[in-house]
Structure formats: C-alpha cells, structure tokens
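Secondary and tertiary structure notes
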Amino acid sequence: MTSTSSLGSTAVTIQFDLNRNIDGAANDVQAAINAAGGQLPKNLPSPPTYRKVNPADSPVLILSATSDTLPLINVSDAVDAQLGQQISQISGVAQVFIGGQQKPAIRVQVDPAKLVAKGLSLEDIRGQIAITTTDSPKGNIDGASRAYTIYANDQLPDAKDWNDVIVAYRNGGPLRIRDIGRAVAAPEDMKQAAWADGQRGVFLVIFKQPGANVIGTVDKIKEQLPRLIAAIPPAIKIKIISDRTLTIRAAVEDVQITLLITIVLVVMVIFLFLRSFWATVIPAVTVPLALLGACALMWVFGYTLDNLSLMALTIAVGFVVDDAIVMLENITRYVEQGERPLAAALRGAGEIGFTILSISISLVAVLIPLLLMGGVIGRLFREFAVTLAMAIFVSLVVSLSLTPMMASRFLRAHAETRHGRLYQWSEAAFDRMLHGYERGLDLALRWSRTTLCIFFATVALSVYLFVIIPKGFFPQQDNGFLIAVSQMAQDISFADMKRHQEELSRIVRADPAVDSMAEFIGGGGTALNSGRMYITLKPREERNASAEQIIARLRPKLEAVEGARLYMQASQDVRLGGRATRTQFEYTLQDANLAELNEWAPKILARLKTLPELRDVATDQQTEGTTLTMTIDRDTASRFGIQPQLIDDTLYDAFGQRQVTQYFTQLNSYHVILEILPELQGKLDTLNKLYIKSPTTGDEVPLSVFAKWTTVPVRPLAIAHQGQFPATTISFNLAQGMALGQATDAIQNAVADLGAPGTLSSSFQGTAQAFQQSLSSVPLLILAALVVVYLILGMLYESYIHPLTILSTLPSAGVGALAILMAFGFDFSLIALIGIILLIGIVKKNGIMMVDFAIAAEREEHLSPQESIRKAALLRFRPIMMTTMAALLGGVPLMLGTGTGSEIRQPLGYAMVGGLIVSQALTLFTTPVVYLYLDRLSNALSSWTATKQDDDAEPQVKNAAE
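Described in the following lines is the structure provided in the data block. (Residues numbered from 1 in each chain as written. Predicted model: local features only at pLDDT ≥ 70, side-chain atom pairs only at ≥ 80, totals over all residues. Heavy atoms only, no water.)

**Comments concerning the overall build of the protein**
For the protein, the helix and strand inventory stands at 31 helices and 31 strands. Burial analysis of the protein (962 residues in total) assigns 52% to the buried set. Long-range contacts, defined here as pairs at least 24 residues apart, represent 79% of the contacts in the protein between residues at least 6 apart. By element, 57% of the accessible surface of the protein is carried by carbon and sulfur atoms, the whole surface being about 43,000 Å². Computed over 79 positive and 86 negative side-chain charges, the separation of the two mean positions in the protein equals 4 Å. (Helix = DSSP H or I, 4+ residues; strand = E, 2+ residues; numbered from the N terminus. Buried < 20%, exposed > 50% of the residue type's maximum accessible area, 1.4 Å probe, protein only. Contact = heavy atoms within 4.5 Å. Areas by Shrake-Rupley, 256 points an atom, 1.4 Å probe, with all protein chains shown as cover. Lys, Arg positive; Asp, Glu negative; His and termini not counted. Charge placed at Lys NZ, Arg CZ, Asp CG, Glu CD.)

What follows is the structure, encoded as structure tokens:
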C-alpha cells in the first residue's frame, strides 16, 4: 500500500495479491472507507471514492475538446456531463480523468475592506450564501380531486442573480453582494489548465480496468462516440489525441505477417529437402491444422489473440512441422528403398512413432517451468506456454495419424517416380553434403578425446557467457507514445507555472516526430509545481528515430529552459507497480524517522545522478515548499472570544476556494465558491486587511492583533508513504545501451558506498522489483527445465545415461544464443530466457533421433555402439537438418522484424537462430562422441555393480555350503 498527499488531496494505492478477486477487493476497500468516515473532516467537499485501476498504466484513449467560440467552462461542462460520465459507464473502463477541468461555478468574490466598513465578516457572508440557494423537499398539496407538487425558485444558477442577493441590512436598507464585491461565473478550480496541441481546452484521459481487453474497450468507446458527440454543442471539436490500440493493432498485424512469412519459409525448407509436391504438402498440412486446433483450444480456455499468444503461434510453426517431417522422412526413406507407399507408411510410422512421442512430450515438458512461474510474469508467460503446448499437442496427433495416412495415399512408389534435372542436381548436392558430414563424423570419432574437450569447452563457455551477459527485464518498446512529467521550483506561482509549461510544450511540439500532444497542470492529485504531458508520436515508418532517440535529442533542448525540468519516458506494454513516477524505474527509500529520510534522500539522489548507467534521475520528495506559518496568540484571541476554528474558517473563506453550497441541474451539480477579490489573493499584505468579528463584543478585530506570520519555514508540498512509513521514491531511465541489471547493480553499490544508516531501508519497486525477483529465479527456471526433461526422457528410455546424451546437445545452443545476443547488443531479458528454454526443447530432438535409432540398431542389428551411433547419425542427418532449418527459419522473421512491437520479439528470434546455428554445427559431431563415452561409463558401472554383487554373494554361498 502506498499513498501520496498534497495540498487538498490524498491518493492511496492498494495492490492486491494476484489470486485476490478484484471485485471482492473493491468491496473491502469500500467497507474500509466507510469505517474511516467518522475520523475524516466533516467539511470534505466530497467523500472518498475508489477506482479499480493501475496508476502506473498508460491510458488507452485520450480525447481532446476545444472550441474557437465557446467559453472554456462551457466546453468543460459539456465534456464532463455528456462524454465523461457516459464513457465511464462503458464496460471495461476504469476511470475517466478530465485534464484541465474547468467545471462551471459561481464565485462570490468579496472585498475585505468593504466588509469591514459594513461591519460584516467573511463568516457572515458564508452563512448567508449557504441558505440562499437550496434544493430541499417542499411536499405537495393533495386536494379532493387534484394534487399539486410544490416547486419554488429556491435555487440560483446564474451569477447575475447572485449579485442581487441580500446579505444584510444597514441603516434600514438592503446590503447586496454587489455592494461588497461581485459574483462571477468562472471555473470551480482556478488552478488547473490544459492544452491540446497548444490550444487551451480540456481532454479526457481514459484508463481500462485490470483484466479488460484493450481493443474491445476502445472499440466500445468509439462505437458510442458519434452518439455522444451529437449530444454536445457543434462548436466543440472532439479529437482523438492518442489511441493505444493503433500500435497494438499494428503489432498484431505485424505478428500476423511474420506468421505468414514463417509458414512460407518452413514450407520452402520442406520442399528443398524432399523435392516433391505431395511430400511437401503432407507435412505442410500440419501447420494450419495445428494452428487452428490451438486457436480452438485457446477459445475453450478463454484466451485471446494478443502479442504473446501470436508470438507463441509464430514460434510453433517451426515446431509443429517437426513431427510431420520426421514421420514423412522416415516413410519416404522406405519408399525410396522400393517399398509400396502403404507398406512404407505402416513400417515407417511404427518405427518412428516412439521417437515423435519422445520429441513432443519432452518439448511440452520444457514449458512446465514457464507454467509454474509465479507473480505477474508467470501470468504473462502462462498464456504463451499453454498456447505453444496446445499447438504441439495438436501437431503430435496429426503427425501420428493424418501424416502417415496421407503418405500412404499420395506418395508414389519409387519406381513410378520420374525426376527432373532440378531433383537430380539437388540430390547430388545433398549427397555431397552427406558425404562431407560422414567424413567429418569419422574424424570426430577418431579424435574422440578432442571432440569431448570441445564439448566441455562449450559447457564452460555457456556458463561464462551467462554470467557476463547484461541482464534485463523486458526489451524497451517503441509504442509511439511518450509520457512526460514537468517539474518546476517548489515555490512557483500558478501563473509562472503556466508560462513554463507552455515553453516546454513548444519545444516538444516542434520536434518533427511528434504527431499530437495533450498536457495539463493542476488537478489529478499532483503537487502544485507539477504538470503532465501525453505525447503521441508519428507512426514508425514516418519518423527516422525511435522513442528513446527522440527523448535523447529533446533532453538538451528541454534542459535549456530555466526553472523547469521535463522528465520523459516511453510507454511500455508491461509496467508494474502502483506509482505514476516521473521516469520508468523506481528505487524507494523508507524510514520511520522522517528527519533522517529527508537528510539522506537528497544525498542518495545526488549520487545516483552521477552514475553513467542512469538518465533522468528524479525524486518525488518535495520538502521545500514555501509556506506562510501563522502563530496565534491564544490569550489575546480569547479576550475577544475568538477561537482557532473561527480563524481557520476565515482564512479558508478568503484563500481556499471554499465550496459553500451547490445548485443542481438535470445533468450535474455545481458549487458556489467564496473567496476574496482575486487581485488581493496573491499579496501577503492582504492578511492585514482581514478582520474577524468578535463573538463577545460584535466588533471587527484585525487578524494582526492576535496573530503573527512568517514565510521563513519551508514545508513539504507532497508527502509519500509506503506501508505505514514515510517514503521517498527515486525514479530513473536507463542510459542508451545499458541493461536494467547493470543499473540496479550500480545503484546498490553506490548506496552501499555512501554508508547510509541501517534504519534507512531501500528497495526497488514496480518493474525494477519484478526484474530482481525474476533474475533470482532465472537459473532455477533453466535448471528446472533441464531436470524435467531429464526425468521425462529417463522414463521414456528407462535409462539414467541416455537422457544425458540427449541433453549434451544443449550447451552449444546456449553458447550460440548468448553470443549472438551480446554481438547484436541485446541484454538477457525474460524474452531471451524464453528463447533459451525453447532451445532446450528444440535442440534435444537431434539427440533423441540419434539415440533412439542407435539403441534400436544395437538391439535389433547387434551392432557395436560406435557402428550403431555412426549409422544413426548418417540416417538421421536429413531429418535433423530439415527440422533444424524449419525451426531456425521460424525464428528468422522474429529476428529481422522491424514493425510495430518488434522490439519485444527480436531477442527471442536472435536467441533461437544463434542457438540453432551453433548447436547444429557442433552437436552433429559431439553427440555421437558423448554417446560412446557415456556408453562406456554405463558398461563400467554395470560391471562394477555386478562384481560387487558377486563379492557380496560369495560369503553367503560359502555359509550355505557349510
């Protein structure tokens, strides 16, 4: 639980466990609010409310409302009553925030000097205003034959009528509001302002509920929008400033294109190796069937097509054909040896069925650690893993049933097949490749110790690369949307704040990559010196820079604005934590001693600003707000019968935009505000003009008689808590090319070097906290995947040794994946981790195909281990090459993709392609050698076990003989 309190508002953010039902949690929150009601001030303008929304989340839709002719309060009123309230009722919408809201109100502005002259006080005026406009029940007159409901003009909704309101009588004549000041129609909160593309207006910031579908929610809003716009004055122009679904739809479309390219590449691989139309069609049929079957199962499980599930389907294309390729290749081999297609299908399917089952089961087993991951990351990857497992399961069923059936019907006998020159040329090329591999394999078997040393070197190198590669969380995305927070001096006035905000806005809007922008200052529970910008960039193809590059080039221009700072961050699909911080990642300091926290937080902030790994280091600590501190002489005030409550009420009447009463229309309710004249509110000397009526004597007593004030002390503009303790959150962005792991290590080392007291606790929060938790679990996940695969293979082969041979294919894949990630500047993110885990499932199939055939050759043909593994490697060379190339080309479109959202998929593609290339180059030679050495080890262990059993049995035999 975290909270932030600033002048006039407090926001409490509660994060619940993922297993907690959000609607049930909301009921508990409402019950807690009701229970605390007795301790809250009685003069709250409105009771506390709650929203089911993540404050750190990006809005799904931003609408601006501007007008060239209508007053801003009319624009705001129409947007609030007709758009905001209606949109907030649409399913999936959590909150509709109106930026720069200028809600209409009647502001009664009083001249203190005229009040004194008439013998009145601000409290006298407030009491009279409170009873001037009412909307109380009046009953009805129910006669013998007709009933009359009583209505009256007891409400005053117009400012001109308020000027005629009588507040007192002096010298037998009425004293009206216009005699002591004026009543004007003006905004309820004068300290808010908003701009849409540089023009004053208001805008709607729409957030979705947790768990709601983004595209579905926005589509519902857009469907209702024409009807809602028709209900407001035509002079108000409504414009969509930002639509988050545009990039989501573009990303989904890009993934779909990637999926089609992957299918084409995989089918092309099959054709190049088998060089037959029907031999290509039979395994290719597996792709649409597996994908459609997976989609049907996804619908049953309630999943949706999103970036992660589509990425899973794209990866699955390279997997689902593996089983069909292995099956068809084995059948084709017997057809080429002269058998009829039906007999070849029966024999080939029976021979290879167990191998396919082993490949698929072990591949699904690799995904089990992803399914068991906890927290938010587990929730994200669970859908990915389940979708992939569904596709693999469907492909397994298709490969064991449909593929052999189609092969028996559509393949032609070898004697009936005539091949062209292309087939002859490609066959000769493949034979040369096979002979080259045969010579290399014989060399590796002859130099088996050297080959084994190469294997151990890959094991050591993979561990070394894993240790040194920079660790990250999720790849930085370019979604075409920036969120910026402006911060000015803590003693800045509202007028100066507006000037600085407009200057920052002009610089940002001048950038050629910016498409539209909405900004506001004031309101929203933020400190009075902060503003916010929502910046929509042009589509990626229309700009020459990424979001991070745009932020980097704007940074020096914005820093030139004296007295203001703009912190920018690129919006991310995955943003955790409940804080809307100035920059992307959070580091929180906590201390029960507020003075100690205020002392050390600036020191740590200054140190972190010097770290080269960080950029845009900011803090939410606002402890230097200028204040006017008043000291009341209670003895003097008591002589006049004046109590502190009366003093507070008078000051609130004068300076606090006090909501005295309200009036109602058919659509909304509005407030009547009491204040002194605006031109007096910004002057300290005004306090000398305030008088308070003595309850005992009835005389007007100057405030300065019993109160003194000073502006020397400074006090916080905003106070934050985490749990029950004061907290300060330092946020930061990453320097270009830096990984989150490097940044967190640098921060921890820097704080440790400062020697902060032990009572000052520190921790990463939000995304950075989730990264640290995931970082500690990464080795365990990889180890869990290896253990699960070992156990599954051990059960399938009923052996302790053969699974080790199969798993020996993995270190080279790790070397390739980690090396290519480092070579192209990627850190080891969770997406790269998925690539590594998937590699465990892919590359082991090479070992499965070799080991499975070698075991059968030893058992059925009574070959020696070296002869059997050599024969297995040569016979399985073509399906190994085909399946590896299919999986590799399945990753190429992900690796080379440059469309919207491609950043999150690229590490997966690079890891798979690099891992498959290196593993293919090495495991074809190292796996047979490892098989032989482990076979010798197995025989040695068996002999030692048998000898030990014989030794143990001899004394027993001797005793029995005696």
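**Quick word on the pairing of strand β2 (residues 9-13)**
In the sheet, strand β1 (residues 2-6) pairs with β2 via five bridges, with the strands oriented antiparallel. Each residue of the ladder has a partner; that of Thr-2, found in β2, is Thr-13. From the end of β1 to the start of β2, which pair antiparallel, there are two residues, and Gly-8 there has a positive phi angle of about 90 degrees. (Pairing = 2+ DSSP bridges.)

**Things to note about the side chain of Glu-383**
Topologically, Glu-383 is positioned in helix α14 (residues 375-410). Although Glu-383 is buried, it forms no salt bridge, and the closest oppositely charged side chain is Arg-382 at an N-O distance of 9.6 Å. Ignoring sequence-local partners within four residues, the contact set of Glu-383 consists of Tyr-303, Thr-304, Asp-306 and Ser-309. (Salt bridge = Lys/Arg side-chain N within 4 Å of Asp/Glu carboxyl O.)

**What about the nonpolar core?**
Looking at soluble globular proteins, one finds that nonpolar side chains tend to be buried together. Ile-87, Leu-388, Phe-473, Leu-608 and Phe-732 are the most contacted members of the largest nonpolar core, which totals 189 residues. Not counting residues within four places of it along the chain, the set of residues in contact with Phe-473 comprises Ile-377, Val-574, Leu-576, Leu-740, Thr-767, Ala-770, Phe-771, Ser-774, Ser-829 and Leu-830. Membership of the second largest hydrophobic core comes to 37 residues, among which are Trp-162, Val-165, Val-167 and Ala-654. (Core = buried A, V, L, I, M, F, W, Y, C linked by side-chain atoms within 4.5 Å.)

**Description of the sheet that holds strand β13 (residues 202-208)**
The antiparallel open sheet is built from four strands, whose spatial order is β4-β13-β3-β14. The open sheet has two free edges, formed respectively by β4 (93-99) and β14 (237-243), since each of these has just one partner strand. Neighbour to neighbour, the strand axes of the sheet diverge by 20 degrees on average, direction disregarded. Alignment of strand β3 (residues 61-66) against β14, held across six bridges, turns out to be antiparallel. By the bridge assignment for β14, Ser-64 is matched with Lys-239. Sitting on the sheet, helix α7 (residues 214-230) is in contact with β3, β4, β13 and β14, with an inclination near 175 degrees to β14. (Axes fitted to C-alpha atoms, helices over the stretch in contact; angles between N-to-C directions.)

**Re the packing of aromatic side chains**
Taken as a whole, this structure holds 14 aromatic pairs when the rule is applied. Ring geometry for Tyr-587 versus Phe-764: centroids 4.8 Å apart, planes at 55 degrees, classification tilted. Residue Tyr-587 is found in strand β19 (residues 585-590), and its partner Phe-764 is found in strand β31 (residues 761-765); the two are separated by 177 residues along the sequence. Here the two residues Tyr-587 and Phe-764 agree in accessibility, since each one is buried. One aromatic cluster is present, built from ring pairs that chain together Phe-97, Phe-203, Phe-481, Phe-520 and Tyr-534. Between Lys-603 and the ring centre of Trp-600, over which it is positioned, the NZ or CZ distance is 4.4 Å. The residue whose ring lies beneath Arg-936 is Tyr-933, and the NZ or CZ to ring-centre distance is 5.0 Å. (Phe/Tyr/Trp six-rings, centres within 6.5 Å; stacked < 30°, edge-to-face > 60°. Lys NZ or Arg CZ within 6 Å of the ring centre and 35° of its normal.)

**Thoughts on the environment of Gln-39**
By the secondary structure assignment, Gln-39 is in the loop between α1 (22-36) and β3. Owing to a relative accessible area of 72%, Gln-39 belongs among the exposed residues under this scheme. Through-space distance from the C-alpha of Gln-39 to that of Leu-838 is 56 Å; in sequence the pair is 799 residues apart.

**Notes on the sheet that holds strand β24 (residues 669-676)**
Taken in spatial order, the four strands line up as β10-β5-β24-β23 in an open sheet, and their pairing is mixed. Where the open sheet ends on each side, the last strands, each with one partner, are β10 (181-187) and β23 (658-664). Each strand of the sheet is rotated relative to its neighbour by a mean of 25 degrees, with strand direction disregarded. Bridge count for β23 against β24 is six bridges, and the pairing is antiparallel. Pairing of Thr-661 across the sheet is with Val-672, part of β24. This element, helix α2 (residues 72-87), spans β5 (104-110), β10 and β24 of the sheet and lies at about 50 degrees to β10.

**As for the packing of helix α16 (residues 448-468) against helix α27 (residues 810-823)**
Closest axis-to-axis distance for the α16/α27 pair is 8 Å, and the angle between their directions is 40 degrees. Classified by the interaxial angle, the pair formed by α16 and α27 is oblique. Handedness of the crossing formed by α16 with α27: left-handed. Contact with α16, carried on its side by Phe-455, Thr-458, Val-459, Leu-461, Ser-462, Leu-465, Phe-466 and Ile-468, involves Pro-811, Ser-812, Gly-814, Val-815, Leu-818, Ala-819 and Met-822 of α27 and no other residues of that element. (Parallel < 35°, antiparallel > 145°, perpendicular 65-115°, else oblique. Left-handed = near helix turned anticlockwise from the far one by under 90°.)

**Overview of the packing of α2 against α7**
Interaxial distance between α2 and α7 falls to 10 Å at its minimum, and their mutual angle equals 160 degrees. Our classification of the angle between α2 and α7 gives roughly antiparallel. The way α2 lies across α7 gives a crossing that is right-handed. For the pair formed by α2 and α7, the contact residues are Gln-82, Leu-83, Gln-86 and Ile-87 on the first element and Ile-221, Leu-225, Arg-227, Leu-228 and Ile-229 on the second. Looking at the contact of α2 with α7 residue by residue, the class counts come to six nonpolar, two polar and one charged. (Nonpolar A, V, L, I, M, F, W, Y, C, P; charged D, E, K, R; others polar.)

**A closer look at the pattern of salt bridges**
Summed over all chains, the structure comprises 28 salt bridges. Among the ionic pairs, Arg-553 bridges to Asp-511, the shortest N-O distance being 2.7 Å. Pair noted here: Arg-553 is in helix α18 (residues 547-559) and Asp-511 is in the loop between α17 (494-509) and β16 (514-521), with a separation of 42 residues, a long-range link. Here Arg-555 ties to Asp-616 by a salt bridge, and the two come within 2.9 Å at their closest N and O atoms. Of this pair, Arg-555 sits in helix α18 while Asp-616 sits in strand β20 (residues 614-619), and the two are 61 residues apart along the sequence. Owing to a relative accessible area of 8%, Asp-616 belongs among the buried residues under this scheme. Counted as one network, the salt bridges with shared partners bring together Glu-123, Arg-126, Asp-649, Asp-653 and Arg-658.

Without other data, these values stay purely geometric and don't point to any function.
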